[in-house]
Every structure is written in C-alpha cells, then in structure tokens.
Amino acid sequence: GIMSSTPWQESRAAPGPANAGSMAAGIKRCAPAAALAAILAALGACGGSGGGGNPVVDGGAAGDAGNTDNNTVQGDAGTPGVLHGAYGWFNGNVTVNLNGYEVVIEATGRPNHTSAYWNPNNASGLYVAPDPEVTDVARMSPGYIEDYNNLFSLRVPSSPRLAAAPSATSLGPVGLSVSGAPIFNDEEGANRPLNIGVISGFDRNGAHTGPSTYHYHLEPRAISNDDEELIGVMADGFFIYGRKCYSTPGAYPDDLDDSGGHVSATRHSSGAEEYHYHIKNEFYLGSYYLLFPEDYRGSPNAIGR
C-alpha cells in the first residue's frame, strides 16, 4: 500500500484542545499489490494560500476550482505519453508535468477554498468562521492551515492499469485533490475508524488539521457537492469524482465495485471509457459521505513529503 516519509497518526477530536500524536502507520485491510516505482525530487518552499486558482466559497456551489490555471493539457484519455485532460482542472496549488510515461504531481497541501481552519487573522483571505451547524472552535482540531509547510509529491502512470488484486490504503495521504490538499482514508489512526467525536471537528468540507496537514476525509463540498465534479487523483493514478457520474447525467452510478470504481466516460475523457472512482452515495454514521474508505484497484505509488 501507500507509504509516506512521515508516520501518520491523527489526534482524536474532543471538546477543547487536543494534541496530534504520532505512531507507525498500520495497514488497513489487506496486503498491498506490488507498487510501481516512485521517487520524486523534493519541492521548493511552499507559499501562502496558493497560486492562481480562484478561491471557492466553503460549502457554496461546487465547481472546477482549477480551470483557470496554466496546466497545459494535451490529447485524450490517458494515452501513454499524453497528459490526461483531467489534470488541467487542478488549481494553482498543484503542479502537473508529464515525464515520459509518468505524470509528476506536486502539491502544496493547502486548499484554494475557504475554511475555518485558516488562521482567523485572515492573511490568507480564505478564513471563514466555523459554521455552528457543523462545528465550533472548541471541537476543532488544533492548528491552522498556515502552520504547515507540506510539499506532497506523487508519480503515477499516464495510463494507469487495474492491478491483479486490490490493495489496502494506509494512514496518511492516499490521494491529492484538485485544491492542493491531500485525501485521507476513513481512519483516524491505526484500526480506528472515524467516529462522531472526530467528525464533529471537521469543517464544511469534511476536513481538519493533524497530523501536520489539512486533509479531507469526507465529501469536500467546496470541490464536489452531490455532483459529478473531479475531486482529485488517487495514489494509483485513477481519478476520483463526486457521487454522480457524467455518463448518467444527474444520476448516481449503479455499477460501482467495492472501491467505488467503474468504467465509463467522464467529462474529461473525450468520450473514451476509462476506469475511475466515485464517492459512494452511501451514508456513513447516518449523514456523512466518506471520500475514499476502500481499497485501491490499481498499483499505488508513495506520496512523499
């Protein structure tokens, strides 16, 4: 499964401040498939709230936040040596480059949308007060987005393939979103599924801080809110979309595998059918949508920092 250069163990959110602990990441469910080779040179220093992506209002209308940025896109749906059109929708906090038959993705780890986890001094211009229907200061995790200078890197095939068998995710980042922030799975620590106490500290995007990064666990509504929008790319190179599917306009796909994936055209595949993931339209704990709680279907590479 996926590895990180830093062990991951999140702090359990509870009333009042909490500390983010640290321990070795445990494998979640099954032995990983053989990983594709993945090494990426370290990124330069991280800036403020991000590059040229237009800020998206937290909890507002979702959209392709990165479509105004200068990510050059060529060709069709993942032909070897051609950059997939979906990468053009990653915002300015994410740099995407084609290197032979691999795509090199570098992300600041900071979202381009508003959140209660930005510093209230609002130097970022993206701070919003906690929504009382979602959380409050007492329940939020410690730390502001600006406190962390993470430089995430991922190398994936330009044409990812399904593996012979699924492989488990592990703690830490399991994908990178179009906003620049990482995607985490459904655990708060080794063999510790998310619970209401933890979720009550999330912002409107199903995200919080700790350990050492802002990250998503649930449907990130500033990116995708009950729609077909592109959310990001997983560590195995397959894209993940919202709960609805381009191939069945306005409807939820009914042919997803256990990982939330299927083969169909997407809005970025130029009519070609390809494997991709969706957020499953299934409630977790009665009212939440987990972002990626299942196994990879491709061969994951490491997301380094």
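A quick note: this is a predicted structure, and the numbers were derived from the prediction, not measured.

> Go over unusual backbone geometry with me, naming the residues and quoting the values.
The step from Gly210 to Pro211 runs through a cis peptide bond, and the omega angle for that step is -5°. Note that Pro211 resides in the loop between β8 (207-209) and β9 (214-216). In this model, Asn122 sits at a positive phi of 60°, which is unusual for a non-glycine residue. Residue Asn122 is classed as partly exposed on the basis of its relative accessible area of 33%. Even without glycine at this site, Leu285 takes up a positive phi of about 55°.

> Please give an account of the nonpolar core that cites residues and values.
In terms of nonpolar packing, the biggest core is built from 44 residues, with Tyr87, Phe90, Ile105, Leu154, Phe239, Ile240 and Tyr277 touching the most fellow members. Mapped onto this core, the elements with two or more residues apiece are β1 (94-99), β2 (102-107), β3 (152-157), β9, β10 (230-234), β11 (239-241) and β13 (273-278). A total of four residues in this core trace back to one element, the largest contributor, which is β10. Ranked by size, the runner-up nonpolar core spans seven residues in total, among them Val198, Ile199, Leu218 and Tyr284.

> I'd like a rundown of the pairing of β13, residues and numbers included.
Burial analysis of β13 places five of its six residues in the buried class, the great majority of the element. Direction of pairing for β11 relative to β13: parallel, over a ladder of two bridges. When the sheet's bridge partners are listed, Ile240 is paired in β13 with Tyr277.

> Requested: an account of the pattern of salt bridges, with residues and values cited.
Enumeration according to the criterion identifies seven salt bridges in this entry. Between Arg243 and Glu219 there is a salt bridge, with the nearest N and O atoms lying 2.8 Å from each other. You can see Arg243 sitting in the loop between β11 and β12 (261-265) and its partner Glu219 sitting in the loop between β9 and β10, a full 24 residues away along the chain. Residue class for Glu219 comes out buried when judged on its relative accessible area of 7%. Here Lys280 ties to Glu294 by a salt bridge, and the two come within 3.8 Å at their closest N and O atoms. On the criterion of sequence distance, the pair formed by Lys280 in the segment after β13 and Glu294 in the segment after β13 is long-range, its members being 14 residues apart. Accessibility expressed as a relative area gives 19% for Lys280, which makes it buried. Assessed through its relative accessible area of 25%, Glu294 is described here as partly exposed. Bridged by salt links that share partners, the residues Glu219, Asp226 and Arg243 form one connected network.

Criteria and cut-off values
Counting restarts for each chain: residues are numbered from 1 in the order of the written sequence. Confidence filtering applies because this is a predicted model: local features only for residues at pLDDT of at least 70, side-chain atom pairs given and counted only at 80 or more, and all residues used for totals across whole chains, interfaces and linings. Side-chain metrics rest on all non-hydrogen atoms present in the structure, leaving aside hydrogens and water. Helix and strand assignments follow DSSP, with helices taken as H or I runs no shorter than four residues and strands as E runs no shorter than two, numbered in order from the N terminus. Each residue is placed in one exposure class: buried if its accessible area under a 1.4 Å probe, protein chains only, is under 20% of its type's maximum, exposed if it is over 50%, and partly exposed if it falls in between. Here, nonpolar core means buried Ala, Val, Leu, Ile, Met, Phe, Trp, Tyr and Cys residues that are tied together by side-chain atoms lying within 4.5 Å of each other. In this analysis, strands are considered paired if DSSP registers two or more bridges between them. Think of a salt bridge as a Lys or Arg side-chain nitrogen and an Asp or Glu carboxyl oxygen that are within 4 Å of each other.

Geometric descriptors of this kind do not, in isolation, establish any biological role.
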